[in-house]
Amino acid sequence: MAKPVSHVVTRPGRRQGDADVTIPVAEELATVPGIPLKEEDLSFYSRVYPQETQNIEKAADREWVWTVYSDEMADYRRYHDEVSEPLIDAAAVSGDLEPTGTPDPELNVTEAIRSKARELGFNEAGFTKHDKRFTYTRKKRWIKYPHAICLALEQDYVQTQSIPSMDAEYAHFGTYEMEGAFLLDLADYIRSLGYHAQVHSPNDNSAPYIPMFVSAGLGQLGANGQLLSPHFGSRARLAMITTDAPVTYDEPVDYGIHEFCQKCQVCANRCPGRAIVRDKVWWRGVEKNKLIYERCRPVMARYEGCAVCMKTCPIQRFGMPAVMEHYVETGEVLGKGTHLLEGYTFKEKGYHGPGELPQFDRQFFEIPHGRKEDWLFEQFKERLMKEGVPEEGGLQEFAQQVKVILDQGNSTIGDE
Ligand code: SF4
Ligand code: SF4
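Residues numbered from 1 in each chain as written. Chains lettered and ligands numbered in written order. Predicted model: local features only at pLDDT ≥ 70, side-chain atom pairs only at ≥ 80, totals over all residues.

J.: For this particular structure, what's the right way to read the overall build of the chain?
T.: Across its full length, the chain carries 17 helices and 12 strands. Computed over C-alpha atoms, the radius of gyration of the chain comes to 22 Å, within 12% of the 22 Å expected from 2.2 N^0.38 for 416 residues, which places it in the range of a compact globule. Counting only residues that meet the buried cut, the chain has 40% of its 416 residues in that class. Look at the contacts in the chain between residues 6 or more apart in sequence, and 75% of them connect residues 24 or more apart. (Helix = DSSP H or I, 4+ residues; strand = E, 2+ residues; numbered from the N terminus. Rg over C-alpha atoms; globule rule 2.2 N^0.38 Å. Buried ≥ 20, exposed ≤ 12 C-beta atoms within 10 Å, placed from the backbone. Contact = placed C-beta atoms within 7 Å.)

J.: Honestly, the site of ligand 2 in this entry has me stumped. Any pointers?
T.: Neighbouring ligand 2 are 13 residues; G222, C261, C264, C267 and C313 lie closest to it. Every element with two or more residues in the shell around ligand 2 is listed here: α9 (257–264), α10 (266–270) and α13 (314–318). Top element by residues in the shell around ligand 2 is α9. It accounts for 3 residues. (Near = placed C-beta within 6 Å.)

J.: I'm lost on the site of ligand 1 in this one. Help?
T.: Residues in close proximity to ligand 1 total 13 residues, the closest being C271, G273, C296, C306 and C309. The leading source of residues in the shell around ligand 1 is helix α11 (residues 293–302), at 3 residues.

J.: Where do I start with the domain arrangement of the chain in this structure?
T.: Accessible area lost upon the coming together of the parts is a frequently used measure of interface size. Domain boundaries in the chain define domain 1 (1–370) and domain 2 (372–408). Its C-alpha centre places domain 1 at a distance of 38 Å from the equivalent point of domain 2. (Domains from an automatic or database assignment.)

J.: How do you make sense of the environment of C267 when you look at a structure like this?
T.: With respect to the helices and strands, the residue C267 is situated in helix α10. Between the C-alpha atoms of C267 and Q16, which are 251 residues apart in sequence, the distance is 31 Å. Not counting the four nearest positions on each side in its chain, C267 is found in contact with A223, N224, I276, C309, T312 and C313.

J.: Just to check I follow, could you spell out the nonpolar core for this structure?
T.: Looking at soluble globular proteins, one finds that nonpolar side chains tend to be buried together. In this structure, I149, C150, L151, I190, F213, M240 and I241 are the most contacted members of the largest nonpolar core, which totals 84 residues. Discounting chain neighbours no more than four positions away, the residues touching I190 are I113, Y195, A197, I241, T243 and A245. (Core = buried A, V, L, I, M, F, W, Y, C linked by C-beta atoms within 7 Å.)

J.: Help me understand the sheet that holds strand β5 (residues 197–200), please; the structure alone is not making it clear to me.
T.: Spatially, the 4 strands line up as an open sheet ordered β3-β4-β8-β5, and their pairing is antiparallel. Each end of this open sheet is capped by a strand with a single partner; those strands are β3 (124–129) and β5. The sheet shows a mean angle of 25° between the axes of neighbouring strands, taken without regard to direction. Judged from the 8 bridges that link them, strand β4 (residues 147–154) and strand β8 (residues 236–243) form a sheet pairing that is antiparallel. By the bridge assignment for β8, E154 is matched with A236. Those strands touched by helix α5 (residues 109–120) are β3 and β4, and its axis lies near 145° from that of β3. (Pairing = 2+ DSSP bridges. Axes fitted to C-alpha atoms, helices over the stretch in contact; angles between N-to-C directions.)

J.: What exactly am I supposed to notice about the packing of α5 against helix α7 (residues 166–192) here?
T.: For any two helices packed against each other, the geometry is given by the interaxial angle and the distance between the axes. The geometry of α5 relative to α7 is characterised by a closest axis approach of 10 Å and an angle of 150° between their N-to-C directions. In terms of orientation, α5 and α7 fall into the roughly antiparallel class. Where α5 crosses over α7, the two elements pack in a sense that is right-handed. Counted together, I113, K116, A117 and L120 of α5 and F182, D185, L186, Y189 and I190 of α7 form the full contact between these two elements. Its residues assigned to classes, the contact of α5 with α7 comprises 7 nonpolar, no polar and 2 charged. (Parallel < 35°, antiparallel > 145°, perpendicular 65-115°, else oblique. Left-handed = near helix turned anticlockwise from the far one by under 90°. Nonpolar A, V, L, I, M, F, W, Y, C, P; charged D, E, K, R; others polar.)

J.: Explain unusual backbone geometry here, please?
T.: Peptide bonds are trans in most cases, and residues, glycine excluded, mostly fall at negative phi. Residue P164 follows I163 across a cis peptide bond; omega there is -5°. Residue placement: P164 occurs in the loop between α6 (157–160) and α7. Its identity is not glycine, yet E348 carries a phi of approximately 70°, on the positive side. The exposure class of E348 is exposed, given the 7 C-beta atoms found within 10 Å.

J.: Is there a simple way to think about the pairing of β8 in this case?
T.: In the case of a regular strand, side chains alternate between the two sheet surfaces. Burial analysis of β8 places 8 of its 8 residues in the buried class, the great majority of the element. Covered by surrounding structure in β8 are A236, L238, M240 and T242 together with R237, A239, I241 and T243, the residues of both alternating faces. Judged from the 4 bridges that link them, β5 and β8 form a sheet pairing that is antiparallel. Each bridged residue has a counterpart across the sheet, and for V199 the counterpart in β8 is I241.

J.: Would you take a moment to explain the environment of V5 for this structure?
T.: Tracing the chain through its elements places V5 in strand β1 (residues 5–11). On the basis of neighbour counts, which here come to 15 C-beta atoms within 10 Å, the residue V5 falls in the partly exposed class. Spatially, the C-alpha atom of V5 lies 47 Å from that of A90, the residues being 85 residues apart in sequence.

J.: How do you make sense of the packing of helix α4 (residues 71–93) against α7 when you look at a structure like this?
T.: One can describe the packing of α4 onto α7 by two numbers: an axis separation of 9 Å at closest approach and a directional angle of 10°. Classified by the interaxial angle, the pair formed by α4 and α7 is roughly parallel. Two secondary-structure elements touch here, α4 through E72, M73, Y76, H80, V83, S84, L87, A90 and A91 and α7 through M166, E169, F173, E177, G180, A181, L183 and L184. Grouping the constituent residues of the contact of α4 with α7 by class yields 11 nonpolar, 3 polar and 3 charged.

J.: Just checking my understanding: could you explain helix α14 (residues 320–330) for this structure?
T.: Helical geometry note: an α-helix holds 3.6 residues per turn, so side chains three or four residues apart project in the same direction. All of the buried residues along α14 are M320, V323, M324, Y327 and V328. Around the axis of α14, the buried residues are gathered within 135° of arc, so they sit on the same side. At the C-terminal side of α14, G331 shows a positive phi close to 75°. (Arc of directions from axis to C-beta.)

As structure tokens, then:
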């Protein structure tokens, strides 16, 4: 018997010119627009325990991944880093560029920017306050303008279904490369309207972008830790532009995802690293499913970015309208338990259908932790325990290694 519907969400089509889509949200899935939030907790944690980019906080394992990448993966990552560098450099100074046009008081700036973004190829564009509570410590002084334009670019459908594979990685990083260029074009357009625009590169993130996408109504947070957007779930690559253009903010939306994930759980069932925690917890003022980084990273690094949690998500595979309609009609999760949705192949380990997971020994999960200097210190402590205090030369060698890391300045480039 069909489930009673709480409300119906209407969203623009996937591409500019496509018809609007409607998404019925079953009564039992309705919670709050966006995500359950305790504002005072969020403010407290961001003030007392501000976040830093994983490229600094987890730099030790980010260096380690290169030692386990396949040759093809290492070559491709080097290529991606090389082509991204000029885009990252251009984004870094984009906020200093002056407007090239004069503001037109008659123009609906919000809709003009949204329309231009869609024309350039972005599938989703939304507006919200730029919330500095999420900004990484390293970027706090870099931010110049108060309004955030949240922009999502879809990653290829067919390539994504081959996850984990190099083909899917070409889609993943290739989308970021395209997005980096589109962002610079959109920023130029905003300047031509008479306003400033600062590009937040998807390869040199200024913050976790998902919370602002949720505030702008572009989706809700899935149990897999990814933004589930209406048309393509987490198969989207996210970036932002901040501006002083007088835009009107969008509102957060309840798509029913917050509750739906608790009923679905496909990503948690299928995660080869057993990294997705099933029950939600309150974390830095937000109620969400947490992911155990140390159980995910070793799998991601060795198996072409893994991303089984993206591939097996029904919202990614079928789109939110189809999944939510099916739930209203049947009370079931579309595709759950099928090979089509849940099956994947891991190199050397073979095909795994519903209910089957690859096995790894404990050693597989041992990776370096923390910043590079933390990891070096850990190794030094181990050496002290095993070999005692080193001669002067050994101490100097350690000091030299720490100095090299500090001189590198903890580069933030290389966000994934
Ligand atoms: S990337 Fe793979 S290991 Fe990591 S959470 Fe997703 S499914 Fe699990
Ligand atoms: S697979 Fe299911 S539980 Fe996981 S994010 Fe997608 S909808 Fe949510």
